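The residues making up each chain are set out below.
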Amino acid sequence: DAKTTQPNSMESNEEEPVHLPCNHSTISGTDYIHWYRQLPSQGPEYVIHGLTSNVNNRMASLAIAEDRKSSTLILHRATLRDAAVYYCILIDRNTGFQKLVFGTGTRLLVSP
Amino acid sequence: DGGITQSPKYLFRKEGQNVTLSCEQNLNHDAMYWYRQDPGQGLRLIYYSQIVNDFQKGDIAEGYSVSREKKESFPLTVTSAQKNPTAFYLCASSMLGQGDTEAFFGQGTRLTVV
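Residues numbered from 1 in each chain as written. Chains lettered and ligands numbered in written order. Predicted model: local features only at pLDDT ≥ 70, side-chain atom pairs only at ≥ 80, totals over all residues. Heavy atoms only, no water.

Participant: For the side chain of Asp31(A), give the residues involved together with the corresponding values.
Facilitator: All names here are of chain A. Structurally, Asp31 can be placed in the loop between β2 (18–23) and β3 (33–38). For Asp31, a relative accessible area of 7% puts it in the buried group. Polar side-chain contacts of Asp31 include one of 3.1 Å to the side chain of Ser28. (Helix = DSSP H or I, 4+ residues; strand = E, 2+ residues; numbered from the N terminus. Buried < 20%, exposed > 50% of the residue type's maximum accessible area, 1.4 Å probe, protein only. Polar contact = N/O pair within 3.5 Å; in protein donor to acceptor, adjacent residues only side chain to side chain.)

Spelled out as structure tokens, the structure:
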């Protein structure tokens, strides 16, 4: 399975942009990059995904390096509700269908 | 509203007992997953299924069993063979695709062995 590496934690102030990095040097050419986040005592929720091009949605932006060995989740204006653990995941399609394999994620702390 | 429902939210089990955690979805998703999460840790895959009557072991399947008799349902049984079952259990579902579909998670079941 292709692996991802993320910092254990990051801190931000409210209303400032946040850049959450993820390294995935063994990514294959057809793996999608997904981001999920998990609030305390809740199930993870989908944030965004991409393949090669940068992606934007109402929650965040995803910047993917040209060689696809790293990506960055961008929260444009952090709020207190964005404090969560963020997981960068590569979809493993080697098994014939998508299998979600989670790493340890980055805990984002947001200060008022 | 479409979604994925886990029950119960909290479950207490005596040592040596089997317990079954429920997971139901009405999203018409083919794939379903069970994960275990320990305090301060990430999610670890227990079992997953892409079609009725078929499922595969994940990374930590020992001491667990599943069934997939209906598309909507994917119950997880924690057996007495699971030596340390106290954990937060999460169920998820997704459409089958080429890696470009999102997964939906339930709110979890917190299992405690007493």
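Participant: Explain the packing of aromatic side chains residue by residue, including any values.
Facilitator: Evaluated as defined, the whole model comprises 10 aromatic pairs over all chains. When the ring of Tyr87(A) is compared with that of Phe102(A), the centres are 5.2 Å apart and the planes differ by 85 degrees; the resulting orientation is edge-to-face. Residue Tyr87(A) is located in strand β8 (residues 84–92), and its partner Phe102(A) is located in the loop between β9 (99–100) and β10 (106–111); the two are separated by 15 residues in the primary sequence. For the pair formed by Tyr87(A) and Phe102(A), the shared burial category is buried. Ring geometry for Phe102(A) versus Tyr35(B): centroids 5.4 Å apart, planes at 80 degrees, classification edge-to-face. Placement of the pair is Phe102(A) in the loop between β9 and β10 and Tyr35(B) in strand β4 (residues 31–37), with the two residues belonging to separate chains. Neither Phe102(A) nor Tyr35(B) differs from the other in exposure class; each is buried. One aromatic cluster in this structure is built from Tyr36(A), Tyr46(A), Tyr87(A), Phe102(A), Tyr33(B), Tyr35(B) and Phe105(B). The residue whose ring lies beneath Arg68(B) is Phe74(B), and the NZ or CZ to ring-centre distance is 5.9 Å. A cation sits over an aromatic face here: Arg110(B) above Phe88(B), 4.4 Å from the ring centre. (Phe/Tyr/Trp six-rings, centres within 6.5 Å; stacked < 30°, edge-to-face > 60°. Lys NZ or Arg CZ within 6 Å of the ring centre and 35° of its normal.)

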